[in-house]
Amino acid sequence: IDLLTVEERKNSFEALVKSFEHRPTVVVLGCQGRDTREMESLARHVEYLADKYPSVNLAIASRPPHDARTQDDIYRYYLSLAKIAKRPVIIQTYTSEKVPIPETSLLERLSREYPSIYGWIKEETGGEDANARMRAETSSKSIKTVFSAWGSYGWLYQHRQFGTRGVV
(Lines give C-alpha, C1' and ligand atoms only; values in the text may rest on other atoms or scores of the structure.)
Protein backbone atom coordinates (compact mmCIF):
# COMPACT_ATOMS: atom_id res chain seq x y z
CA ILE A 1 0.00 0.00 0.00
CA ASP A 2 2.98 2.33 0.47
CA LEU A 3 3.37 2.39 -3.32
CA LEU A 4 -0.07 3.95 -3.82
CA THR A 5 -0.61 7.68 -3.95
CA VAL A 6 -2.72 9.31 -1.25
CA GLU A 7 -5.61 9.64 -3.73
CA GLU A 8 -5.33 5.96 -4.70
CA ARG A 9 -5.43 5.00 -1.02
CA LYS A 10 -8.50 7.17 -0.45
CA ASN A 11 -10.23 5.51 -3.41
CA SER A 12 -9.34 2.05 -2.09
CA PHE A 13 -10.62 3.04 1.38
CA GLU A 14 -13.99 3.97 -0.07
CA ALA A 15 -14.27 0.79 -2.15
CA LEU A 16 -13.44 -1.29 0.92
CA VAL A 17 -15.81 0.56 3.24
CA LYS A 18 -18.65 0.41 0.71
CA SER A 19 -18.19 -3.36 0.36
CA PHE A 20 -18.69 -3.78 4.12
CA GLU A 21 -21.91 -1.78 4.41
CA HIS A 22 -24.37 -3.42 6.82
CA ARG A 23 -21.93 -6.20 7.76
CA PRO A 24 -21.07 -6.87 11.41
CA THR A 25 -17.33 -6.29 11.27
CA VAL A 26 -14.71 -3.67 12.01
CA VAL A 27 -12.84 -2.25 9.03
CA VAL A 28 -9.38 -0.91 9.94
CA LEU A 29 -7.90 1.62 7.53
CA GLY A 30 -4.19 2.45 7.55
CA CYS A 31 -3.62 6.17 7.95
CA GLN A 32 0.13 6.23 8.05
CA GLY A 33 1.74 8.92 6.03
CA ARG A 34 5.22 9.72 4.94
CA ASP A 35 4.68 12.83 7.02
CA THR A 36 1.99 14.44 9.18
CA ARG A 37 0.29 16.14 6.24
CA GLU A 38 -0.31 12.83 4.41
CA MET A 39 -1.61 11.17 7.57
CA GLU A 40 -3.99 14.05 8.26
CA SER A 41 -5.39 13.87 4.73
CA LEU A 42 -6.03 10.14 5.08
CA ALA A 43 -7.54 10.48 8.56
CA ARG A 44 -9.92 13.22 7.39
CA HIS A 45 -11.01 10.91 4.60
CA VAL A 46 -11.71 8.10 7.08
CA GLU A 47 -13.91 10.47 9.08
CA TYR A 48 -15.69 11.52 5.88
CA LEU A 49 -16.32 7.85 5.06
CA ALA A 50 -17.58 7.20 8.58
CA ASP A 51 -20.23 9.88 8.04
CA LYS A 52 -21.05 8.67 4.52
CA TYR A 53 -21.30 4.98 5.52
CA PRO A 54 -22.57 5.03 9.12
CA SER A 55 -23.38 1.29 9.15
CA VAL A 56 -19.67 0.42 8.84
CA ASN A 57 -17.68 0.25 12.07
CA LEU A 58 -14.34 1.90 11.27
CA ALA A 59 -11.04 2.05 13.12
CA ILE A 60 -7.68 3.49 12.13
CA ALA A 61 -4.21 1.96 12.14
CA SER A 62 -1.18 4.21 11.96
CA ARG A 63 2.55 3.75 12.28
CA PRO A 64 5.05 6.53 12.90
CA PRO A 65 5.87 8.71 9.90
CA HIS A 66 8.93 8.20 7.73
CA ASP A 67 10.27 11.59 8.74
CA ALA A 68 10.19 11.04 12.54
CA ARG A 69 13.60 11.07 14.20
CA THR A 70 12.70 11.48 17.88
CA GLN A 71 10.05 10.41 20.37
CA ASP A 72 8.82 14.03 20.31
CA ASP A 73 8.33 13.82 16.53
CA ILE A 74 6.22 10.68 17.02
CA TYR A 75 4.24 12.30 19.84
CA ARG A 76 3.44 15.39 17.75
CA TYR A 77 2.36 13.16 14.84
CA TYR A 78 -0.11 11.28 17.04
CA LEU A 79 -1.33 14.54 18.63
CA SER A 80 -2.23 15.71 15.13
CA LEU A 81 -4.10 12.47 14.51
CA ALA A 82 -5.97 12.82 17.81
CA LYS A 83 -7.33 16.19 16.65
CA ILE A 84 -8.98 14.48 13.65
CA ALA A 85 -9.84 10.91 14.72
CA LYS A 86 -13.20 10.15 16.28
CA ARG A 87 -12.57 6.43 16.62
CA PRO A 88 -9.99 3.97 17.96
CA VAL A 89 -6.49 4.14 16.53
CA ILE A 90 -4.25 1.09 16.57
CA ILE A 91 -0.67 2.33 16.84
CA GLN A 92 1.70 0.15 14.86
CA THR A 93 5.22 0.01 16.25
CA TYR A 94 6.80 -0.77 12.88
CA THR A 95 9.59 1.63 11.99
CA SER A 96 12.61 1.84 9.73
CA GLU A 97 16.30 2.24 10.48
CA LYS A 98 15.87 6.02 10.71
CA VAL A 99 12.61 6.11 12.68
CA PRO A 100 12.78 5.28 16.39
CA ILE A 101 10.47 2.66 17.87
CA PRO A 102 7.74 4.37 19.91
CA GLU A 103 8.65 3.94 23.57
CA THR A 104 6.14 2.20 25.81
CA SER A 105 5.99 5.33 27.97
CA LEU A 106 4.92 7.33 24.90
CA LEU A 107 2.20 4.80 24.07
CA GLU A 108 0.98 4.93 27.67
CA ARG A 109 0.99 8.74 27.65
CA LEU A 110 -1.12 8.90 24.50
CA SER A 111 -3.59 6.34 25.85
CA ARG A 112 -3.96 8.31 29.11
CA GLU A 113 -4.37 11.65 27.34
CA TYR A 114 -6.77 10.34 24.66
CA PRO A 115 -8.40 7.20 26.09
CA SER A 116 -11.17 6.98 23.48
CA ILE A 117 -8.64 7.14 20.62
CA TYR A 118 -5.42 5.50 21.82
CA GLY A 119 -4.63 2.39 23.85
CA TRP A 120 -4.57 -0.23 21.10
CA ILE A 121 -1.10 -1.37 20.02
CA LYS A 122 0.02 -3.59 17.15
CA GLU A 123 3.46 -4.65 18.36
CA GLU A 124 5.55 -5.04 15.22
CA THR A 125 9.08 -4.76 16.53
CA GLY A 126 11.19 -7.80 15.95
CA GLY A 127 13.57 -9.85 18.01
CA GLU A 128 13.50 -10.65 21.70
CA ASP A 129 12.94 -6.98 22.54
CA ALA A 130 9.38 -7.32 21.22
CA ASN A 131 8.49 -9.84 23.91
CA ALA A 132 9.79 -7.49 26.61
CA ARG A 133 7.81 -4.65 25.03
CA MET A 134 4.66 -6.78 24.95
CA ARG A 135 5.09 -7.67 28.59
CA ALA A 136 5.36 -3.97 29.52
CA GLU A 137 2.48 -2.94 27.25
CA THR A 138 0.06 -5.62 28.42
CA SER A 139 0.82 -4.84 32.06
CA SER A 140 0.05 -1.13 31.56
CA LYS A 141 -3.19 0.11 33.10
CA SER A 142 -3.81 2.60 30.29
CA ILE A 143 -3.17 0.34 27.29
CA LYS A 144 -6.32 -1.57 26.38
CA THR A 145 -5.10 -4.19 23.93
CA VAL A 146 -1.86 -5.38 22.38
CA PHE A 147 -2.01 -7.27 19.11
CA SER A 148 0.79 -9.54 17.92
CA ALA A 149 2.22 -9.11 14.46
CA TRP A 150 4.42 -12.19 14.23
CA GLY A 151 1.85 -14.58 12.78
CA SER A 152 -0.14 -17.31 14.47
CA TYR A 153 2.76 -19.30 15.92
CA GLY A 154 4.25 -16.25 17.61
CA TRP A 155 0.83 -15.14 18.80
CA LEU A 156 0.18 -18.46 20.56
CA TYR A 157 3.27 -17.90 22.69
CA GLN A 158 2.67 -14.19 23.16
CA HIS A 159 -0.97 -14.64 24.12
CA ARG A 160 -0.14 -17.27 26.72
CA GLN A 161 2.84 -15.38 28.12
CA PHE A 162 1.63 -11.77 27.99
CA GLY A 163 -2.06 -11.75 27.13
CA THR A 164 -1.89 -10.29 23.63
CA ARG A 165 -5.32 -10.28 22.02
CA GLY A 166 -4.86 -11.63 18.52
CA VAL A 167 -2.99 -11.23 15.29
CA VAL A 168 -3.44 -8.18 13.09
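In case you missed it, the structure is sitting above this.
Reading guide: rules and limits
Residues numbered from 1 in each chain as written. Predicted model: local features only at pLDDT ≥ 70, side-chain atom pairs only at ≥ 80, totals over all residues. Heavy atoms only, no water. Helix = DSSP H or I, 4+ residues; strand = E, 2+ residues; numbered from the N terminus. Rg over C-alpha atoms; globule rule 2.2 N^0.38 Å. Buried < 20%, exposed > 50% of the residue type's maximum accessible area, 1.4 Å probe, protein only. Phe/Tyr/Trp six-rings, centres within 6.5 Å; stacked < 30°, edge-to-face > 60°.

Draft legend 1. Broad picture of the overall build of the chain. In terms of regular secondary structure, the chain is built from 6 helices and 5 strands. Counting helices and strands in the order they occur from the N terminus, the chain gives α-β-α-β-α-β-α-β-α-β-α. Taking 15 Å as the expected radius of gyration for a compact globule of 168 residues, we find that the chain reaches 16 Å, a close match to that expectation. Summarising its shape, the C-alpha atoms of the chain cover approximately 40 × 35 × 30 Å along the three principal directions. Counting across all 168 residues of the chain, residues that qualify as buried make up 49%.

Draft legend 2. Spotlight on the packing of aromatic side chains. Scanning all chains against the criterion turns up 3 aromatic pairs. Ring geometry for Tyr78 and Tyr118: centres 5.8 Å apart, planes at 80°, overall edge-to-face. Of this pair, Tyr78 sits in helix α3 (residues 71-82) while Tyr118 is found in the loop between α4 (104-113) and β4 (120-123), placing the two residues 40 residues apart along the sequence. One exposure class covers both Tyr78 and Tyr118, and it is buried.

Take it as geometry only, folks, not as evidence of what the structure does.
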